[in-house]
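Letter by letter, the chains look like this.
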Amino acid sequence: MMEGEELPGLLVNEVGGMHGILHDHVEFLRKHFCLIIMKELLESKKNLRKKVQAIYLWWHKPVIDKDLLQSLPNLKVIANSGVGMDHLDLKLVASFGVKMANAPRAVSSSTADTGMALLLASARRLVEGYHVASSPGMEYCEADFLGVEVTGATLGIIGMGSIGYKIALRAKAFEMKILYHNRTRRKEQEEQAVGAIYCEKLDDLLCQADFVMVVVSLTPQTHKLIGKREMELMKPTATLVNISRGSIWKICSIC
Amino acid sequence: MEGQELPCVLIDCIGGKHGVYEDHAEFLKERFCLITMKEYLENKSFLGKKIRAIYMWYHKPVINEELLQSLPNLKIVASSGAGVDHLDLNLLSSYGVKVSNTPLTVSTDTADLGMALMLASSRRLVEGHQMAISPDTEYFPANWLGAEVSGATLGIVGMGIIGYKVAERAKAFEMKILYHNRKQRNKEEERAVGATYCEKIDDLLQQADFVMLAVKLTPQTHKLIGKRELQLMKPTAILINISRGLVVDQDALVEALQNKVIKAAALDVTYPEPLPRDHPLLKLKDVLITPHIGSATVKTRHLMKENMTESIQAGLAGLPIPNEVLL
């Protein structure tokens with residue numbers, strides 16, 4: 001009996017290489033699925049296409065378009081790595097009766113950690129400091145190499161989803177004053193647990209924050225959310241940290 | 001003349017690499033008659049008698065017996081920062097001179113920097129930044145990974161004010177916290193940060209994903225982390241030092257990193273500072289070094305200046321000295 005015939009067919013873009021699934025993940029996946037590589041699919045005859053019941057979307061690949069969806073008659077579900085879904089046409093996928101899943105919980109702690117890492121590195125001038133400490137010819141200028149205090153500063157979180165909330169939990173331990181702006185206000189207990197104050201108007205958050213952390217999903221509403229006007233509302237001493245998507249701000253506005 | 005009424009305080013210099021900041025000097029001049037080391041050396045016999053305090057910024061001016069003998073009216077030395085390992089406390093005491101430091105003001109910034117170094121090292125921040133801005137970068141590879149901080153095990157060696165603040169921060173990252181200290185903290189303090197005491201440092205070293213050094217430099221902590229300790233650590237572990245360079249046997253650290261005995265090191269402090277430009281630590285890929293910036297924020301430096309001023313004023317008035325360092 002061939003094991004391959006019993007396991008459901010899972011389409012992946014490639015293994016290894018630039019954007020492929022990681023080699024040490026393959027063993028695990030092969031226990032549950034019959035892996036079908038995109039290259040094989042493109043070269044094969046009809047029967048491989050019929051075998052594909054699911055797509056494992058890693059690093060936004062393979063690209064899900066109408067042609068692909070039409071060629072996979074038995075496709076039931078697409079699993080997306082990470083939490084952002086802005087690279088997908090969700091309506092198109094739904095129109096084929098295909099279910100969609102992402103992996104929000106898996107990424108939330110790591111992404112919150114990255115947000116804090118960026119905030120701290122920027123405030124304390126870590127990269128610059130590393131260059132001063134390690135570069136061969138640099139003038140060692142210790143005394144006046146000063147950064148900005150993180151403890152006790154004001155953090156404004158734009159987008160208080162699961163990642164934004166984890167950032168608030170971390171920032172609270174740094175005794176930061178936390179403001180947040182979100183489509184909907186969080187429950188009182190959730191606000192109290194992190195000491196976060198709701199800013200219904202984004203402007204109120206922007207005027208007060210020493211650090212502005214952008215943690216929204218990319219949607220038509222958040223596209224270019226932070227533009228010239230918003231940046232001018234920010235303090236001249238403020239730092240902007242973006243861990244959501246690049247298109248949330250207007251590139252030409254960054255000075 | 002105003003200058004005659006204000007007490008005379010010796011400083012190294014104003015401005016330059018290690019001098020008192022220009023904007024701090026203004027504040028100090030309102031309260032003291034500042035005498036720079038240069039001025040003092042040009043007029044030792046006259047100025048020596050007038051100096052009643054030393055404002056020690058960045059460990060300067062260097063205080064030795066010769067200086068103490070020439071300052072008969074010296075009452076107090078106010079030293080910036082928490083560490084006093086650069087001072088001969090016994091010598092100062094023998095001359096009846098009081099000493100103060102600024103342990104509390106530096107604590108949050110130093111704890112913040114400890115967290116910054118841990119996150120930056122673990123998540124390969126400097127490398128990532130370089131890749132993101134490099135003119136040669138065409139794509140970001142999918143297999144470029146760091147190690148997770150959230151949920152990992154942090155071992156804090158030295159659970160004083162700074163070590164405890166690190167624990168408070170690490171708890172929010174859901175880290176498992178172990179600590180080693182001369183004395184165990186009380187139960188409420190341990191519970192508040194979820195920290196487990198390791199009476200033997202070996203137990204901490206064997207379990208920790210991150211080892212953070214936050215001890216004072218004393219004869220007991222000198223080369224506390226040597227070849228033996230590094231070999232006890234996990235090969236995936238990262239060593240973070242926010243205490244003093246001499247707490248680590250630096251040669252042993254170089255060897256351990258070269259042989260992949262531990263994964264990486266993130267150091268705000270080294271010995272000496274700065275390291276000679278051809279030092280092997282500067283050539284190793286998995287080493288992040290910062291130029292002793294633990295307390296280097298604008299706000300904290302102002303607070304330090306204010307604390308030191310208070311200590312000097314109290315010392316000169318014969319009042320109890322805030323932040324006095326006792327033998």
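Since the structure is predicted, the reported quantities are computational estimates derived from the model, not experimental observations.

Caption draft 1: Molecular detail of the sheet that holds strand β8 (residues 196-198) of chain A. Residues and elements named next belong to chain A. Strand order in the open sheet formed by five strands is β8-β7-β6-β9-β10, with parallel pairing between adjacent strands. The sheet terminates laterally at β8 and β10 (239-242), the two strands that pair on one side only. Across the sheet, the mean angle separating the axes of adjacent strands is 25° when strand polarity is ignored. Pairing geometry for strand β9 (residues 211-214) and β10, over four bridges, is parallel. By the bridge assignment for β10, Val214 is matched with Asn242.

Caption draft 2: A look at the pattern of salt bridges. By the definition in use, this model includes 26 salt bridges over all chains. The closest approach of N and O atoms between Arg170 of chain A and Asp113 of chain A, which form a salt bridge, is 2.9 Å. Taken together, the residues Arg170 of chain A in helix α9 (residues 162-173) and Asp113 of chain A in helix α7 (residues 104-123) connect sequence positions 57 residues apart. A relative accessible area of 1% places Arg170 of chain A in the buried class. By relative accessible area, Asp113 of chain A is classed as buried at 0%. Note that Lys234 of chain B and Asp209 of chain B form a salt bridge whose closest N and O atoms lie 2.9 Å from each other. Pair noted here: Lys234 of chain B is in the loop between α12 (227-232) and β10 (238-241) and Asp209 of chain B is in the loop between α11 (201-207) and β9 (210-213), with a separation of 25 residues, a long-range link.

Caption draft 3: The arrangement of the interface of chain A and chain B in detail. Contact residues are listed per partner, giving 44 residues for chain A and 52 residues for chain B. Note on chain A versus chain B: buried area summed over both sides is about 4,300 Å², and carbon and sulfur give 61% of it. Connecting chain A to chain B are three salt bridges. Residues Arg169 of chain B and Glu175 of chain A are paired through a salt bridge, measuring 3.7 Å at the closest nitrogen-oxygen approach. Here chain A is connected to chain B by 16 residue pairs in polar contact (both at pLDDT 80 or more). Put simply, the parts of the chain that give the side of chain A that touches chain B at least two residues each are α7, α8 (126-134) and α9 of chain A. The biggest single contributor to the side of chain A that touches chain B is α7 of chain A, with nine residues. Tallied by class, residues from the side of chain A that touches chain B come to 24 nonpolar, 11 polar and nine charged.

Caption draft 4: Here's a closer look at the domain arrangement of chain A. Each assigned domain of chain A is listed here: domain 1 (9-101) and domain 2 (108-251). Averaged C-alpha coordinates put domain 1 of chain A and domain 2 of chain A at centres separated by 35 Å.

Caption draft 5: Fine view of the sheet that holds strand β1 (residues 8-11) of chain B. All names here are of chain B. Taken in spatial order, the five strands of this open sheet run β2-β1-β3-β4-β5, and their pairing is parallel. Across the chains shown, the open sheet's two edge strands, defined by having one partner strand only, are β2 (33-36) and β5 (98-100). For this sheet, the mean angle separating the axes of adjacent strands, direction not counted, is 25°. On top of the sheet, helix α14 (residues 298-316) reaches β1, β3 (51-56), β4 (76-79) and β5; it is set at about 160° to β3, its chief contact.

Caption draft 6: Main features of unusual backbone geometry. The peptide bond linking Lys61 of chain A to Pro62 of chain A adopts the cis configuration, its omega dihedral lying at 5°. Cis geometry is adopted by the peptide bond preceding Pro274 of chain B, which originates at Glu273 of chain B and carries an omega value of -5°. Inspection of the secondary structure assignment puts Pro274 of chain B in the loop between β11 (264-267) and β12 (287-289). One non-glycine residue, His60 of chain A, adopts positive backbone phi at about 65°. Checked against the element boundaries, His60 of chain A lands in the loop between β3 (52-57) and α5 (66-71). Positive phi outside glycine occurs at Lys223 of chain B, with the angle close to 55°. Here Lys223 of chain B shows up in the loop between β9 and α12.

Caption draft 7: Representation of the nonpolar core within the structure. Among the nonpolar cores identified, the biggest contains 94 residues, and Ile167 of chain A together with Met175 of chain B are the most heavily contacted of them. In terms of residue count, the dominant contributor to this core is helix α7 (residues 103-122) of chain B (nine residues). By size, the runner-up hydrophobic cluster in this structure holds 33 residues, among which are Leu205, Ile225, Leu267 and Leu275 of chain B.

Caption draft 8: Structural view of the packing of helix α2 (residues 22-29) of chain B against α14 of chain B. All names here are of chain B. Where α2 meets α14, the closest approach of the two axes is 11 Å, and the angle between their N-to-C directions is 25°. Put simply, α2 runs roughly parallel to α14. For α2 against α14, the interelement crossing comes out right-handed. Listed contacts from α14 to Asp23, His24, Phe27 and Leu28 of α2 are Arg301, His302, Lys305, Glu306 and Thr309. Along the lines of polarity and charge, the residues of the contact of α2 with α14 split into two nonpolar, three polar and four charged.

Conventions adopted
- Residues numbered from 1 in each chain as written.
- Chains lettered and ligands numbered in written order.
- Predicted model: local features only at pLDDT ≥ 70, side-chain atom pairs only at ≥ 80, totals over all residues.
- Heavy atoms only, no water.
- Pairing = 2+ DSSP bridges.
- Helix = DSSP H or I, 4+ residues; strand = E, 2+ residues; numbered from the N terminus.
- Axes fitted to C-alpha atoms, helices over the stretch in contact; angles between N-to-C directions.
- Salt bridge = Lys/Arg side-chain N within 4 Å of Asp/Glu carboxyl O.
- Buried < 20%, exposed > 50% of the residue type's maximum accessible area, 1.4 Å probe, protein only.
- Contact = heavy atoms within 4.5 Å.
- Buried area = accessible area lost by both parts, 1.4 Å probe.
- Polar contact = N/O pair within 3.5 Å; in protein donor to acceptor, adjacent residues only side chain to side chain.
- Nonpolar A, V, L, I, M, F, W, Y, C, P; charged D, E, K, R; others polar.
- Domains from an automatic or database assignment.
- Core = buried A, V, L, I, M, F, W, Y, C linked by side-chain atoms within 4.5 Å.
- Parallel < 35°, antiparallel > 145°, perpendicular 65-115°, else oblique.
- Left-handed = near helix turned anticlockwise from the far one by under 90°.

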